[in-house]
Each structure stands twice: as C-alpha cells, then as structure tokens.
Amino acid sequence: MKLGRNEPCHCGSGKKYKKCCQEKDDQLAIYSVPQKKEKFVKGEIERNDSLWEDFLGQSDHDWDYPDLSDEENGLIEKWRSVYDEMEDPDAIRKHIETFMSDYPELFRYLNINEDAVFDLGSKYRQAGRFGDYISFLMDFRTRYPDLYDEDEGLFNFDIICWLISTGNSQDIYAYFAPYISDVSLNGDTLIDLVDLLIAKDIAEPLLSLVRDIKNDLLQSDVFLEGDNILIPLIYDTLSKYLKEDYTAADVSKFVEEFAALNHLENTEELLLTWTARFKDTLRPFGRWEVDPNWTIQEREDFYFSIGDNFMRYLQEKFGISLICAQYHSNLINEYSFVYLDTINRKKWKKPFDFSEEMIDRSAMILSGGLFNMTDPVVCLSFFNAVYCFVDYLETCDMLDGIDPQAVKKTTLSLYEDTFPSLCVSSSVTLCFDTFPFWKAV
C-alpha cells in the first residue's frame, strides 16, 4: 500500500513521508524493475537492495567520510550499530549525549537529524514523557545550534506544542523565527502551526505570526496550498465591524478591507455576499425554516447561513475569538457536505444526522483518517464542534428528535477513544487534553 504524503515515514524517523523518504522512494521506483508480473500487478514490487544502496550512495551501516580517519569512521559505525539495536528512549538519549560529550568534533557526522532525534521523540511520546524529549531538544539547540537549525521548523513545532500543552503559550513567540524567515521551506509545518493556534484560540501570537509572514506568503508557492493562513486576518478584521447596530457603511468598509487583503476586486457581488453574511451571523437565535424539497444548492446555502449564526453563538457563549469560532463553525459546514454526500440522492428528510456512525465517519473523512494520516487538530476539534452545536440547535429549537445528551456522550466517548492513540503518533495532540475545549462564560 502506498504511503500518503502526510503519513509517518516508513523508515521510522518520525517525520512525515513527504519530508523524509518520499523523494528517494520516487527516484528509486524509476529504476526498480519488478521480478514477477503477479507481484507488479498487486503493487508488491520487491526491493532491490543493490539499487537502493547505489542510489543512497551507502548501505545502512556503511558510513564512510573521506575527511575522517579510519579510527574516526569506526567510532561512528560503532555508534550506529549500537543505536540500531536500542529501543529504550533513556538509553538512546544517553547514547547520543555520551557521544556528544566524548567526541564533540565528530558528533555532527552521526547525522542524528535523519533518524535518531525523531525516533527519540516518538519513543518518549509513546511513554508519556514528552517533556524529556523537549529537554533534550533544548540542550541540543544550545550545544549544536547549526545542526539544530537544519530541522529547526520541525523541532520548534514540537517545543511550541509542549509549551501550549503545559499552559505556557505566552512563550511560543521565541520559536517563530524559522517560519517567518522562510515560509516556503517550512510551509507544511507553518500551516499545521496556524491551524493549531486557531483551534486553541491563541489569538495574539497567531495574529502576530500571520502579519509577519503575510507579504512573503503571498509571493510564495505555499500560498497555493495555505491561503487559509490569511483567514485569521479576515475574521480579526470582521470582528471590528460585526455588531448588532452595524450599518451598510460598516459592511462596505469591511468588504473594502477584505478585497484588499485577498487581492480581489471590490465588486457589487462581493458586497451582496457579505451583506447576507452579516445578516445571517447577527440573526437572533431561533428556528430556521427547512424545506425537504430544496435543491442541493439551497441546502448548501442553508448550511452556510446556519454556520455563520453558530459562529456568533460560539463567540458569545464561550468568549472565544471570532477566528476560533469560525474554525469550529466551518467544521460543521464541512460535516454537512459529508452528510449530503452520504445520503446522495436520497430524500433529504432531516438537515442533520448526529448518530455515532455519522459523527465517526465525518471525523475520519474531515481529518484524513480514511488514509491513515489523521489530523489531530481537525479530528478533535470536530468532536468539540459537534458537542457545542447540539446546544446551539436546542437554543434554536432545531433538535427535531436529536437527543443532545446522547450526542454529547457520543462525542466524549469518541474523544476518549481517539485521544490516546493520536498522542502516540503526534505531539500536537497533547494540546487537546481536555474535552470539551471551553466552558460557557
């Protein structure tokens, strides 16, 4: 089975496949010739070790550096051989740090960024001791800053996750440097970081970061995949105008800023769209009329409208920013499209289905879990959004047979089942150790 680009790499480094061996694998595949036709058909091409080693320029244990003596190469080879047999994270850490102290001039030749550092983080995370990995990274950063800098974006992301999970989000500014200095190099991690800060409602650092990278982002290829990074600026701007006594001039002024931010033409159509959205967002919380004979487009328009109203509900009930509220309301919108796809052409008898099967299916699809690369931020935030949405439906007299307590129990159960497994595979999961995320104000 072919790995997805965002799955953990098969080499065990802890990196995403696209950040690790994908390029090598793709190149190798060009030269790999299947030995048996039936295996080729099944996608089970046998690995040709000689071709693999020719491509890499070395075997797994043949680390030869021309500028080092035979004795020095032997020390590196011995370290590698011992490391390959290790499983205990404390033993691995000691093995790294001992060589770091005994042979500081040779340490960089171990190439620990390729595997050992990420392996150590994975093992400490699985043992529930991620703080020990962070202390290692801090020491590594101090003693070998040039080596640390090679993967600074990934290392800093783990540190940021740790700081947030331990209630020290005010300290994360110090680790933004690699994302600001090169948005292209750290594009994927930057997108993950922005999503995390939005979902956790860490608004001030988030806005500071996005403002710092905005100009570079608009000129970078990352913008093609990560234009959602500008969403915090949009909804931070919207929050200045979205008020009960808003005027047509307020809408017009916001649309002007919105168009400028997104490099769009300020058209009459854009003004009409946002005029309707202001109205939907500030609509009193009450029952929405639903027509089972609506067209697909009319159903989709309904979900967008109710999503905007739910966004305001979240902001007012929990005191969160409009940025965070929009993120969660958008997950309900995305759920609605999964629901529409699920019922396909069947008669639209009810606008929502929050059965355990439907919630679980939606979470898997929205977070990429169907492809074994579940995004913890999306998955856990979706459970949280549904948990809050049934309260919104009750407030609007829209339950129509839905048992809100049963839905809450289901989402809590799914969270409790999912959280431990995601903790093992991703440090960002540690930031979501309470459920639901917020308490009413």
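## A closer look at the overall build of the protein chain
Point 1. The secondary structure content of the protein chain amounts to 21 helices and zero strands.
Point 2. Counting every position in the protein chain, which comprises 441 residues, the buried fraction comes to 48%.
Point 3. Long-range pairs, those at least 24 residues apart, make up 62% of the contacts in the protein chain between residues at least 6 apart in sequence.
Point 4. A total accessible area of about 22300 Å² is found for the protein chain, and carbon and sulfur atoms account for 48% of it.

## Brief notes about helix 19 (residues 356–366)
Point 1. When we look at burial in helix 19, the residues that qualify are Met-358, Ile-359, Ser-362, Ala-363 and Leu-366. The buried residues of helix 19 occupy an angular sector of 130° when projected down its axis, which confines them to one face.
Point 2. The inward-facing, buried residues of helix 19 contact helix 18 (322–343), helix 20 (376–395) and helix 21 (404–425).
Point 3. Two residues or fewer after helix 19 comes Gly-368, characterised by a positive phi angle close to 80°.

## Describing the confidence of the model for the protein chain
Point 1. The share of residues in the protein chain with pLDDT of 70 or more is 83%, and the mean pLDDT across the chain is 86.
Point 2. With pLDDT under 50 throughout, residues 27–63 is counted as low confidence; its partners more than four residues away or in other chains account for 30 contacts.

## Notes on the packing of aromatic side chains
Point 1. Counting across every chain of the model gives 49 aromatic pairs.
Point 2. Sitting over the ring of Phe-432, Lys-200 keeps its end group 5.6 Å from the ring centre.
Point 3. Note that Arg-283 overlies the ring of Trp-288, its terminal NZ or CZ placed 3.9 Å from the centroid.

## Considerations on a negative patch on the surface
Point 1. On the surface, a cluster of negative charge is made up of Glu-356, Glu-357, Asp-360, Glu-416 and Asp-417.
Point 2. Element by element, the count of residues in the negative patch is highest for helix 19, at three residues.
Point 3. Within the fold, Glu-357 resides in helix 19.
Point 4. Residue classification places Glu-357 among the exposed positions, given a relative accessible area of 68%.

## Some points on helix 21
Point 1. Helix length check: helix 21 (22 residues) gives 31 Å between terminal C-alpha atoms against 32 Å at 1.5 Å per residue, within 8%.
Point 2. Listing the buried residues of helix 21 in full gives Pro-404, Val-407, Lys-408, Thr-410, Thr-411, Leu-414, Tyr-415, Thr-418, Phe-419, Leu-422 and Cys-423.
Point 3. Summarising the contacts, the buried residues of helix 21 are in contact with helix 6 (116–126), helix 19 and helix 20.
Point 4. Between the side-chain oxygen of the N-cap and the backbone nitrogen of Gln-405 there are 3.1 Å, and the N-cap of helix 21 in question is Asp-403.

## Observations regarding the pattern of salt bridges
Point 1. Within the structure shown, the criterion is met by 15 salt bridges.
Point 2. One salt bridge connects Arg-80 with Asp-115, and the closest N-O pair in it is separated by 2.7 Å. On the criterion of sequence distance, the pair formed by Arg-80 in helix 4 (residues 70–83) and Asp-115 in the loop between helix 5 (89–102) and helix 6 is long-range, its members being 35 residues apart.
Point 3. Look at Arg-80 and you get buried, because its relative accessible area is 2%.

## Notes on the packing of helix 20 against helix 21
Point 1. One way to put it is that helix 20 packs onto helix 21 with a least axis distance of 10 Å and a crossing angle of 170°. Comparing their axes, helix 21 and helix 20 come out roughly antiparallel. Together, Pro-376, Cys-379, Leu-380, Phe-383, Val-386, Tyr-387, Val-390, Asp-391 and Glu-394 of helix 20 and Pro-404, Val-407, Lys-408, Thr-411, Leu-414, Tyr-415, Thr-418, Phe-419 and Leu-422 of helix 21 make up the contact between the two elements.
Point 2. The residue makeup of the contact of helix 20 with helix 21, split by class, is 13 nonpolar, two polar and three charged.

## With respect to the packing of helix 7 (residues 130–143) against helix 9 (residues 152–165)
When two helices pack together, their arrangement is given by the angle between their axes and by how far apart the axes lie.
Point 1. Closest axis-to-axis distance for the helix 7/helix 9 pair is 10 Å, and the angle between their directions is 135°. As far as their axial angle goes, helix 9 and helix 7 are oblique. In this structure, the crossing between helix 7 and helix 9 has a hand that is left-handed. Along its contact with helix 7, which presents Phe-130, Gly-131, Tyr-133, Ile-134, Leu-137, Met-138, Phe-140 and Arg-141, the element helix 9 presents Phe-155, Asn-156, Asp-158, Ile-159 and Trp-162.
Point 2. When its residues are assigned to classes, the contact of helix 7 with helix 9 shows nine nonpolar, two polar and two charged.

Basis of the calculations
- Residues numbered from 1 in each chain as written.
- Predicted model: local features only at pLDDT ≥ 70, side-chain atom pairs only at ≥ 80, totals over all residues.
- Heavy atoms only, no water.
- Helix = DSSP H or I, 4+ residues; strand = E, 2+ residues; numbered from the N terminus.
- Buried < 20%, exposed > 50% of the residue type's maximum accessible area, 1.4 Å probe, protein only.
- Contact = heavy atoms within 4.5 Å.
- Areas by Shrake-Rupley, 256 points an atom, 1.4 Å probe, with all protein chains shown as cover.
- Arc of directions from axis to C-beta.
- pLDDT = per-residue confidence, 0-100.
- Phe/Tyr/Trp six-rings, centres within 6.5 Å; stacked < 30°, edge-to-face > 60°.
- Lys NZ or Arg CZ within 6 Å of the ring centre and 35° of its normal.
- Patch = residues over 30% accessible without salt bridge, like charges linked within 9 Å, V, L, I, M, F, W, Y side chains within 5 Å.
- Salt bridge = Lys/Arg side-chain N within 4 Å of Asp/Glu carboxyl O.
- Lys, Arg positive; Asp, Glu negative; His and termini not counted.
- Charge placed at Lys NZ, Arg CZ, Asp CG, Glu CD.
- Expected span 1.5 Å × (residues − 1).
- Polar contact = N/O pair within 3.5 Å; in protein donor to acceptor, adjacent residues only side chain to side chain.
- Axes fitted to C-alpha atoms, helices over the stretch in contact; angles between N-to-C directions.
- Parallel < 35°, antiparallel > 145°, perpendicular 65-115°, else oblique.
- Nonpolar A, V, L, I, M, F, W, Y, C, P; charged D, E, K, R; others polar.
- Left-handed = near helix turned anticlockwise from the far one by under 90°.

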